[in-house]
Amino acid sequence: MTNQNTIHKEVIVNASQEKAFRIFTDGFDSWWPRTHHIAKVEMKEAVVEPKLGGRWFERGVDGSECEWGKVIAWEPPKRFALSWQLTADYQYDPNFVTEVEVTFEAQGANKTLVTLEHKNLDRYGDKQGKVITSIGNEEGGWGGIMKIYAAIVEGDMEYYEKAMRKLTEEVAQ
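Below you will find a few notes about this structure. None of the values given here were measured: they were computed from a predicted structure.

A few words now on helix H4 (residues 142-153). The terminal C-alpha atoms of H4, which comprises 12 residues, lie 16 Å apart, in line with the 16 Å expected from a rise of 1.5 Å per residue. Of all 12 residues making up H4, 11 are buried, and the element is well covered by its neighbours. All buried positions along H4 are accounted for by Trp142, Gly143, Gly144, Ile145, Met146, Ile148, Tyr149, Ala150, Ala151, Ile152 and Val153.

What the seven strands build is an open sheet, ordered E1-E7-E6-E5-E4-E3-E2; its pairing is antiparallel. The open sheet terminates on both sides in strands that have one partner only, identified here as strand E1 (7-13) and strand E2 (43-48). Neighbour-to-neighbour, the strand axes of the sheet open up by a mean angle of 20°, direction not taken into account. Pairing analysis gives six bridges linking strand E5 (residues 79-84) to strand E6 (residues 98-106), with the strands arranged antiparallel. Considered in E6, the bridge of Trp84 is made with Thr98.

In this section: the packing of aromatic side chains. Summed over the entire model, instances satisfying the criterion amount to 20 aromatic pairs. Centre to centre, the rings of Trp32 and Trp68 are 5.4 Å apart; their planes meet at 50°, and the pair counts as tilted. Of the two residues, Trp32 is situated in the loop between helix H2 (28-31) and E2 and Trp68 in strand E4 (residues 65-75); the sequence distance between them amounts to 36 residues. A relative accessible area of 5% means that Trp32 is categorised as buried.

Reading the values: rules and limits
Residues numbered from 1 in each chain as written. Predicted model: local features only at pLDDT ≥ 70, side-chain atom pairs only at ≥ 80, totals over all residues. Heavy atoms only, no water. Helix = DSSP H or I, 4+ residues; strand = E, 2+ residues; numbered from the N terminus. Expected span 1.5 Å × (residues − 1). Buried < 20%, exposed > 50% of the residue type's maximum accessible area, 1.4 Å probe, protein only. Pairing = 2+ DSSP bridges. Axes fitted to C-alpha atoms, helices over the stretch in contact; angles between N-to-C directions. Phe/Tyr/Trp six-rings, centres within 6.5 Å; stacked < 30°, edge-to-face > 60°.

Set out below in structure tokens:
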């Protein structure tokens, strides 16, 4: 059954559960699109602090930091969850919370199902449709981001570079 208040995306990667988790979290900066930032300056680094209560944020080229949310569950290598505290206008609001949960299910020694669910989207109210269209799409939204993550896990630099060029072109328009 589909929940209209949740975006559900999944990829299968050729990596152990531990490696898939580590690249998603510790290696977050290695695959997160530089086009996907909220600061007024270019993003230097995207960070998920690897602990319960850790921050999820970006660091700008000028050293400034923009919060995106907090780590609200930390269960390596099976699961973690983040509060997504960005409004429909992609501005941080400490009083606004939706949730991004990522699970890693081993499908064998070197294959893992990675599932991302962005939940509680009804909290956007009358902007819910706009948000779902934006973050739920298969290009620049969670669908495309999960494909970029999978490319990094599997070392597919050709796909990664192509996807990043396309995102950069879309943002420039």
